[in-house]
Amino acid sequence: MIPGEQIIYLDNNATTQLDPAVIEEMLPFLTDYYGNPSSGYAFGRQVRRAIDLARERVAALLGCEPGEIVFTSCGTESNNAAVNSALQLDANRRHVVTTAVEHSATRRHCETIAKGGGSVTVVGVNGEGNLDLDELERAITSQTAIVTVMWANNETGVLFPVEKIAEIARRKRVLFHTDAIQSVGKIPIRLAGTTINSLALSAHKLHGPKGVGALYVNKRSAFKPFMIGGSQENNRRAGTENVASIVALGKAAECAHAGLAEENSRVRAMRDRFETQVLKRVPNTFVNGDRAARLPNTSNLSFSGIESDAALLMFDRHHLCCSAGSACRTGQVEASHVLSAMNVPPERARASMRFSFGRFNTEAEVDKALEIISAVISKLRAISPSEATREPAPV
Ligand code: PLP
């Protein structure tokens, strides 16, 4: 693929295009303003002020105080830091409660915790992707250090009622963390007044650069840092700040905040038209998670009778970018853990594709994508007709 060649990018949950306003804001911090924000002279102090502004902008997007924002290297670090902190706070609490549909940034971390002598309870979901909050409450014990539950699912867009879950955790006197990496910038968030102790976000999901994120830590919550060294980030995350990226995250947060209501109704309408049209043009297609509350930008579809990795390759030839729900690991096609947890039959899970829309998508791209999708799915089904897609025999 040649840079600049026309692609149809419907994979905004994987990452997003940098907003030009973000690039403009960050560039001077890669060129002229290279001072160390911890230095005691004016050349350093002006960089410190830029970081402070970024902190204010992120706090405005989250409805919290600037002092509650800790800049990190990515969403994964933010999630890991919150859970590790909880495990360090009390040696008698080595238990984590999480869900079956988390991103690997939480899932793999929990597996490591379990292997390292901790224990983890994984709460399942129903066919719509929703959690049973009574089951979650029963999973919390006197040994639980933290409950960690994602706000929006990266594969299906299904939203969890994290404010209610945070209340349950508070009643049980347990910390609550949420991986909000897919929801920040896509739905309104106001942390002040909630009992959420910590929240993770990542700049590259909201038109900022890769390799920078933030962790919200409620001002009343105890926190043990993950990175130990200098006193940056008010002693909560050591290491000289990634200044240009932090400035960029601040600008990305400001843009997301300013455009949230308008952009999301536009993106939702686009996603809804896309889904309606796909269902009309491509028979035997299912929307995964459609009966649950969902992000406005995500559409997870199963096209019966196809394998998603084959569809991905064919979409790629048409420069249509989206994600396959299944992955080929060690020579075997594995269905997504999210769809498996939702009890989606394996053949339907292996036929799933995720389309995720964003700020820079146009209706013309949706039209083109619809043409490509119907042509590719028909072709794949013609090559490999299955029970699911074969026309009923005439009687
Ligand atoms: N959590 C969720 C829900 C995600 O979608 C992602 C990225 O895909 C991550 C965590 C990891 O974020 P990062 O790539 O910034 O480490």
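Residues numbered from 1 in each chain as written. Predicted model: local features only at pLDDT ≥ 70, side-chain atom pairs only at ≥ 80, totals over all residues. Heavy atoms only, no water.

Enquirer: Can you break down the overall build of the protein chain residue by residue, with the values?
Expert: Across its full length, the protein chain holds 12 helices and 15 strands. Here the C-alpha atoms of the protein chain give a radius of gyration of 22 Å, agreeing with the 21 Å that 2.2 N^0.38 yields for 395 residues. Taking all 395 residues of the protein chain together, the buried fraction comes to 54%. Restricting the contact set of the protein chain to residue pairs at least 6 apart, pairs at least 24 apart contribute 74%. Here the protein chain has roughly 17600 Å² of accessible surface; of this, 52% comes from carbon and sulfur atoms. Across the protein chain, the mean location of the 44 positive side-chain charges is 3 Å away from that of the 42 negative side-chain charges. (Helix = DSSP H or I, 4+ residues; strand = E, 2+ residues; numbered from the N terminus. Rg over C-alpha atoms; globule rule 2.2 N^0.38 Å. Buried < 20%, exposed > 50% of the residue type's maximum accessible area, 1.4 Å probe, protein only. Contact = heavy atoms within 4.5 Å. Areas by Shrake-Rupley, 256 points an atom, 1.4 Å probe, with all protein chains shown as cover. Lys, Arg positive; Asp, Glu negative; His and termini not counted. Charge placed at Lys NZ, Arg CZ, Asp CG, Glu CD.)

Enquirer: Tell me about the layout of surface pockets, and please be specific about residues and values.
Expert: Of the voids in this model, the largest pocket is the one considered here, and its volume is about 690 Å³. Around the largest pocket, the lining comprises 36 residues; the ones closest to its centre are His103, Ser104, Asn154, Glu155 and His337. Those elements giving two or more residues to the lining of the largest pocket turn out to be helix H3 (75–89), helix H4 (104–115), strand S12 (323–324), strand S13 (327–329) and helix H10 (337–341). Here the lining of the largest pocket takes four residues from H4, the largest share from any one element. Split by residue class, the lining of the largest pocket holds 11 nonpolar, 16 polar and nine charged. (1 Å grid on protein atoms, 1.4 Å probe; cavity = no way out; pocket = protein on both sides within 12 Å on 5 of 7 lines; lining within 4 Å. Points joined across faces, edges and corners; volume = space filled by probe spheres on them. Nonpolar A, V, L, I, M, F, W, Y, C, P; charged D, E, K, R; others polar.)

Enquirer: Help me get a handle on the environment of valine 184, residues and values and all.
Expert: Within the element layout of this structure, valine 184 appears in the loop between strand S6 (175–179) and strand S7 (198–202). Relative accessible area serves as the criterion here: at 2%, valine 184 is assigned to the buried category. Sequence separation between valine 184 and serine 202 is 18 residues; the distance between their C-alpha atoms is 8.4 Å. Apart from the residues within four sequence positions on either side, valine 184 is in contact with Leu61, Leu62, Ile189, Leu199, Leu201 and Leu206.

Enquirer: With reference to specific residues and values, describe a nonpolar patch on the surface.
Expert: A surface patch of nonpolar side chains, about 440 Å² in accessible area, is lined by Tyr33, Tyr34, Tyr41 and Phe43. Looking at the secondary structure, you find tyrosine 33 in the loop between helix H1 (20–26) and helix H2 (42–62). Judged by relative accessible area, which is 32%, tyrosine 33 ranks as partly exposed. (Patch = residues over 30% accessible without salt bridge, like charges linked within 9 Å, V, L, I, M, F, W, Y side chains within 5 Å. Salt bridge = Lys/Arg side-chain N within 4 Å of Asp/Glu carboxyl O.)

Enquirer: I'd love a proper account of the site of the ligand, names of residues and values included.
Expert: Within the structure, the ligand sits among 13 residues, and Thr76, Asp179, Gln182, Ser202 and Lys205 are positioned closest to it. Side-chain polar atom of serine 202 to an oxygen atom of the ligand: 2.6 Å apart, as the coordinates give it. For the ligand, whose free accessible area comes to 390 Å², the fraction covered by protein is 86%. A class-by-class count of the residues in the shell around the ligand yields four nonpolar, seven polar and two charged. (Near = heavy atom within 4 Å. Polar contact = N/O pair within 3.5 Å; in protein donor to acceptor, adjacent residues only side chain to side chain.)

Enquirer: Give me the sheet that holds strand S4 (residues 119–123): which residues, what numbers.
Expert: If you walk across this open sheet you meet the seven strands as S2-S8-S7-S6-S5-S3-S4, and the pairing is mixed. Of all the strands in the sheet, just strand S2 (69–72) and S4 have a single pairing partner and so form its edges. Here the strands of the sheet are splayed against their neighbours by 20 degrees on average, with no regard to which way each runs. Sheet topology note: the strand S3 (residues 95–99)/strand S5 (residues 144–148) ladder contains three bridges and is parallel. Its bridge partner lying in S5, histidine 95 is registered against threonine 144. Sitting on the sheet, H2 is in contact with S2, S7 and strand S8 (213–217), with an inclination near 115 degrees to S2. The sheet strands contacting H3 are S2, S3, S5, S6, S7 and S8, and the helix crosses S7 at an angle near 160 degrees. (Pairing = 2+ DSSP bridges. Axes fitted to C-alpha atoms, helices over the stretch in contact; angles between N-to-C directions.)

Enquirer: Describe H3, with residues and values.
Expert: Relative to the 21 Å expected for 15 residues at 1.5 Å per residue, H3 spans 22 Å between its end C-alpha atoms, a close match to the ideal helical length. Most of H3 sits out of view: 12 of its 15 residues are buried. Among all positions of H3, only Gly75, Glu77, Ser78, Asn79, Asn80, Ala81, Ala82, Val83, Asn84, Ser85, Ala86 and Leu87 are buried. (Expected span 1.5 Å × (residues − 1).)

Enquirer: Account for empty space enclosed by the protein, with residues named and values stated.
Expert: Applying the stated rule across the entire model yields four cavities of 30 Å³ or more. As a volume, the largest cavity reaches approximately 160 Å³. Contributing to the lining of the largest cavity are 19 residues, with Gly185, Lys186, His207, Glu263 and Arg359 lying nearest its centre. Its residues assigned to classes, the lining of the largest cavity comprises seven nonpolar, eight polar and four charged. Considered as a void within the structure, the second largest cavity measures approximately 80 Å³ in volume.

Enquirer: Any details on the packing of H3 against H4? Residues and values, ideally.
Expert: Between H3 and H4, the shortest axis-to-axis distance is 9 Å and the interhelical angle comes to 35 degrees. For the pair H3 and H4, the sense of crossing is right-handed. Across from Thr76, Asn79, Asn80, Val83, Asn84 and Leu87 in H3, the residues of H4 making contact are Ala105, Thr106, His109 and Ile113. Taken together, the residues of the contact of H3 with H4 sort by class into four nonpolar, six polar and no charged. (Left-handed = near helix turned anticlockwise from the far one by under 90°.)

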